[in-house]
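Remarks on the overall topology
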Amino acid sequence: MTQPIPQHAQGTEPTKVVIVDDHPLVAEGIEALLDSYDDIAVLATVSDGQIMIDRLDELSPDVILMDLNMPGLGGLSATEMILERRPETRILILSMHDTPQYITTALGHGASGYVLKDVPTEEIKTAIDTVMRGERYLCTGAEGALAPVMSGGREQLTNREQTILLQLAQGKSNKEVAQALDISVRTVETHRKNIKRKLGISSTAGLTRYALEHGVLQGTGVNS
């Protein structure tokens, strides 16, 4: 029986991967797993989002495995900044948090998938292959967490509303949010009203508390 030819031997370049995680044991374990595959090349492991951004052009990865909560620049902010510079990059979030708010916020910031850190290590390879085909990947635990949210209940925030909630929860004024997102102050005010209506919150302090309690600030470097 003819053995399959490894992908890189067929003339196809291996998928270039960078691991961004501030826990060395986690990063080393994932790297050791991925190194066993012929069609994946781990270019580097780095410990925070800013280092990844600083080395983005040098490394030019196809896929970034991104932790959320890291010292300095966290995973969500890094994801937005990376995709602004290299929108073709696929970012897979690796996290121990399985609440719907963490997952939807990560996807809203442009992540291609979400994988919990307690999955079998082989599933990370499956996730990489899936996002490289241009598809979204959610591990079973993440899908299960989202199921009640997707089936109904409270009206969900749009991606833009999630971004504005994140900005407001970081203490920015309407004017500062408008400048950061290049939109009008009136547009920010409209989004702010819609966010409060959807969440059933009447005050700015309530928005900040919601963001802290539901993981919206996770990965931004803001302490909760």
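The paragraphs below set out a description of the structure included in this document.

Thresholds, definitions, all that
Residues numbered from 1 in each chain as written. Predicted model: local features only at pLDDT ≥ 70, side-chain atom pairs only at ≥ 80, totals over all residues. Heavy atoms only, no water. Pairing = 2+ DSSP bridges. Helix = DSSP H or I, 4+ residues; strand = E, 2+ residues; numbered from the N terminus. Contact = heavy atoms within 4.5 Å. Axes fitted to C-alpha atoms, helices over the stretch in contact; angles between N-to-C directions. Core = buried A, V, L, I, M, F, W, Y, C linked by side-chain atoms within 4.5 Å. Buried < 20%, exposed > 50% of the residue type's maximum accessible area, 1.4 Å probe, protein only. Parallel < 35°, antiparallel > 145°, perpendicular 65-115°, else oblique. Nonpolar A, V, L, I, M, F, W, Y, C, P; charged D, E, K, R; others polar. Salt bridge = Lys/Arg side-chain N within 4 Å of Asp/Glu carboxyl O.

1. A word on the sheet that holds strand E6 (residues 137-138)
- Taken in spatial order, the six strands make up an open sheet running E2-E1-E3-E4-E5-E6, and their pairing is parallel. The sheet is open, and its two borders are formed by strand E2 (40-46) and E6, each paired with just one other strand.
- Pairing analysis gives five bridges linking strand E3 (residues 63-67) to strand E4 (residues 90-95), with the strands arranged parallel. Opposite Ile64, over in E4, you have Ile91 as the bridge partner.
- Seen against the sheet, helix H5 (residues 100-108) touches E4, strand E5 (113-116) and E6 and runs at an angle of roughly 145° to E5.

2. Details of the nonpolar core
- Judged by nonpolar contacts, the single largest core of 48 residues is most densely connected at Leu34, Met52, Leu65, Met66, Ile82, Tyr114 and Ile128.
- Each residue touching Met52, except ones within four places of it in the same chain, is listed here: Val18, Val20, Val46, Leu59, Pro61, Ile64 and Ile82.
- Leu168, Leu199, Leu207 and Tyr210 belong to the second largest nonpolar core, which has 13 residues in total.

3. Description of the packing of helix H8 (residues 159-169) against helix H10 (residues 185-199)
- Here H8 crosses H10 at 95°, and the two axes come no closer than 10 Å. Accordingly, the angle class assigned to the pair H8 and H10 is roughly perpendicular. Contacts between H8 and H10 involve Arg160, Glu161, Ile164, Leu165 and Leu168 on the former and, on the latter, His191, Arg192, Asn194, Ile195, Lys198 and Leu199.
- Counted by class, the contact of H8 with H10 contains five nonpolar, two polar and four charged residues.

4. Considering the pattern of salt bridges
- Tallied over the full model, the rule gives nine salt bridges.
- Among the salt bridges present, the one from Arg55 reaches Glu58, with a minimum N-O distance of 2.9 Å.
- Note on Arg55: relative accessible area 28%, which makes it partly exposed.
- Overall, Glu58 belongs to the exposed group, its relative accessible area being 56%.
- What you see here is one network of salt bridges that share partners, running through Asp21, Asp67 and Lys117.

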